[in-house]
Amino acid sequence: MRALPIPRRRLLRALAAAALPGPAGAAAHGPPRVRIRLSHVVARRTPKGLALEHFRTRLQALSGGEIEVEIHPNSLLYGDEDEMQALQLGAIDMVAPSLSKFGPIGFPEFELFDLPFLFDETGQVHRAMQGAVGQELLALLARQQLVGLGYLDNGFKHMSANRPLRAPEDFAGLRMRIQSSRVIAHQMRALDARPVVLSFGETRRALAERVVDGTENPISNFWTQRMHEVQSDLSLTAHGYLGYAIVVHQRFWEYLAPADRELVGQALAEALKWGNAIARRENDEALAALRASGATRIHALDAVQRQRLRHATRAVYEGLEARIGPEWLRRMRGAAAALV
Ligand code: LMR
């Protein structure tokens, strides 16, 4: 893994968390016998927040209370910039970063999911994830002693700013906060905007202080981070997909007793299925709440407008192809298009 410097405050927190009773230390204190420390960056009332809570509840039931999942949401323990390192250090046991965050740590192939206008609906994404391409992507994580346990949906991303973003020209000169994905950076540059990589936890403040002018995210994230208070316009571009991979370190995974590993796998499989079933509804409800609040103007795009954005961002495909080779892209397109 590429070594990123950990700010001192974060490092101290990591070391303090590492001292918490984990799987090894818990036994002496009676039940729970195993504790899984899980960190994520979004709010509780989001597809990811709810699915991970479902995982905790199911695992508690399946293990008769012997396996506890301790969830730290909202970047409270670790943010985007250090959660992977915390996982590598053993300061945390499980993370669920967005697929866009795997590129900078050595897995550019995950940026396939970031390609603008690759998917039109979630069924296509699921076919890709559940098929050979999705499973091979998870298997790549072994290169860094990571184990990918499955995928989870959020949904389609939309663009926000303090003006409508319906045509390529509307993006000119805007500083757009993005996740740390080169594909998303290229997408913004193709629209003549300036991509600014910021961690999720810093995004709302950066928008409020006008450090950046706009961003992209599914509406559940936009709403629960109260970005509507600092963005006057949301354009329903549905230009890209945002989902997650659930990841643990091999050391932790192998440490678990085989029977516990099976329970974790079962609870997680159930939680991911449940999470994927409620993700769309959560985003729809966030959109309804956003409309009811009247805080942000919402702009629908027609097919011609989406086609113009698609056309303006087509060079992004060549950029990724040059980095990871044409085969991945050909297979991903094939998987997305395959009939069920
Ligand atoms: C973002 O950084 O915009 C998202 O990946 C946050 C998340 O985890 O949904």
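Conventions and cut-offs
- Residues numbered from 1 in each chain as written.
- Predicted model: local features only at pLDDT ≥ 70, side-chain atom pairs only at ≥ 80, totals over all residues.
- Heavy atoms only, no water.
- Helix = DSSP H or I, 4+ residues; strand = E, 2+ residues; numbered from the N terminus.
- Rg over C-alpha atoms; globule rule 2.2 N^0.38 Å.
- Buried < 20%, exposed > 50% of the residue type's maximum accessible area, 1.4 Å probe, protein only.
- Areas by Shrake-Rupley, 256 points an atom, 1.4 Å probe, with all protein chains shown as cover.
- Axes fitted to C-alpha atoms, helices over the stretch in contact; angles between N-to-C directions.
- Parallel < 35°, antiparallel > 145°, perpendicular 65-115°, else oblique.
- Left-handed = near helix turned anticlockwise from the far one by under 90°.
- Contact = heavy atoms within 4.5 Å.
- Nonpolar A, V, L, I, M, F, W, Y, C, P; charged D, E, K, R; others polar.
- Near = heavy atom within 4 Å.
- Polar contact = N/O pair within 3.5 Å; in protein donor to acceptor, adjacent residues only side chain to side chain.
- Salt bridge = Lys/Arg side-chain N within 4 Å of Asp/Glu carboxyl O.
- pLDDT = per-residue confidence, 0-100.
- Arc of directions from axis to C-beta.
- Pairing = 2+ DSSP bridges.

## Points about the overall build of the chain
The helix and strand tally for the chain stands at 14 helices and nine strands. Relative to the 2.2 N^0.38 estimate, which gives 20 Å for 340 residues, the radius of gyration of the chain is 20 Å and therefore close to what a compact globule would have. Burial status across the chain gives 55% buried among its 340 residues. For the chain, the accessible area works out to roughly 14,300 Å², and carbon and sulfur atoms hold 54% of it.

## Concerning the packing of helix H5 (residues 122-130) against helix H14 (residues 326-337)
Where H5 meets H14, the axes come as close as 7 Å, and the angle between the chain directions of the two elements is 125°. As far as their axial angle goes, H14 and H5 are oblique. Of the two possible hands of crossing, H5 and H14 adopt the one that is right-handed. Here H5 contributes Gln124, Arg127 and Ala128 to the contact with H14, which in turn contributes Met332, Ala335 and Ala336. In terms of residue class, the contact of H5 with H14 is made up of four nonpolar, one polar and one charged.

## A few points about the site of the ligand
For the ligand, the set of nearby residues contains 13 residues, the closest of which are Lys48, Lys101, Arg177, Gln179 and Tyr244. The contact in question runs from an oxygen atom of the ligand to an N or O atom on the side chain of Lys101, over 2.7 Å. A distance of 2.5 Å separates an oxygen atom of the ligand from a polar side-chain atom of Tyr244. Relative to its unbound accessible area of 270 Å², the ligand is 100% covered by the protein chains. The class makeup of the residues in the shell around the ligand is five nonpolar, four polar and four charged.

## Examining the side chain of Thr46
Tracing the backbone through its elements, the reader meets Thr46 in the loop between strand E1 (34-39) and helix H3 (47-62). Of the polar contacts made by the side chain of Thr46, one reaches the backbone nitrogen of Gly49; its length is 3.0 Å. Residues contacting Thr46, with those up to four places away along its chain left out, are Ser220, Asn221 and Thr224.

## Notes on the pattern of salt bridges
Applying the stated rule across the entire model yields 25 salt bridges. For the salt bridge of Lys157 with Glu216, the shortest nitrogen-to-oxygen distance reads 2.7 Å. With Lys157 in strand E4 (residues 146-161) and Glu216 in strand E7 (residues 214-217), this residue pair connects regions lying 59 residues apart in the sequence. The class of Glu216 is buried, set by a relative accessible area of 3%.

## Some details on the confidence of the model for the chain
Put simply, the chain has an average pLDDT of 92, and 90% of its residues get 70 or more. Segment residues 1-9 is flagged for pLDDT under 50; beyond a separation of four residues in sequence, or across chains, it makes 11 contacts in the model. Here residues 14-29 is modelled with pLDDT under 50, and outside its nearest four sequence neighbours on either side it reaches 23 contacts, counting other chains as well.

## Some words on helix H8 (residues 200-208)
For H8, the complete set of buried residues consists of Phe200, Thr203, Ala206 and Leu207. One side of H8 holds all its buried residues, which, seen down the axis, span an arc of 95°. Residues of H8 that are exposed and angled more than 90 degrees away from the buried face: Gly201 and Arg205. Buried-residue contacts for H8 involve strand E5 (175-178), E7 and helix H9 (219-224). Arg210, located one to two residues past H8, shows a positive phi value of around 60°.

## Overview of helix H6 (residues 132-140)
Turning to H6, its buried residues number three or more, namely Val133, Gly134, Leu137, Leu138 and Leu140. All buried residues of H6 project into a common sector of 155° when viewed along the axis, lining one side. Where the residues of H6 are buried, they touch H5, E4, strand E8 (233-249) and H14.

## Looking at the environment of Leu234
Examined against the element boundaries, Leu234 turns out to sit in strand E8. Given the relative accessible area of 0%, Leu234 is considered buried. A sequence separation of 64 residues divides Leu234 from Ile298, and the C-alpha atoms of the two residues are 4.9 Å apart. Residues within four places of Leu234 in sequence aside, it is in contact with His158, Met159, Ser160, Ile219, Phe222, Leu290, Thr296, Arg297, Ile298 and His299.

## Considering the pairing of strand E2 (residues 67-72)
Burial analysis of E2 places five of its six residues in the buried class, which makes it a mostly covered element. Summarising the sheet, E1 and E2 pair through six bridges and their orientation is parallel. Paired with Ser39 across the two strands is His72, which belongs to E2.

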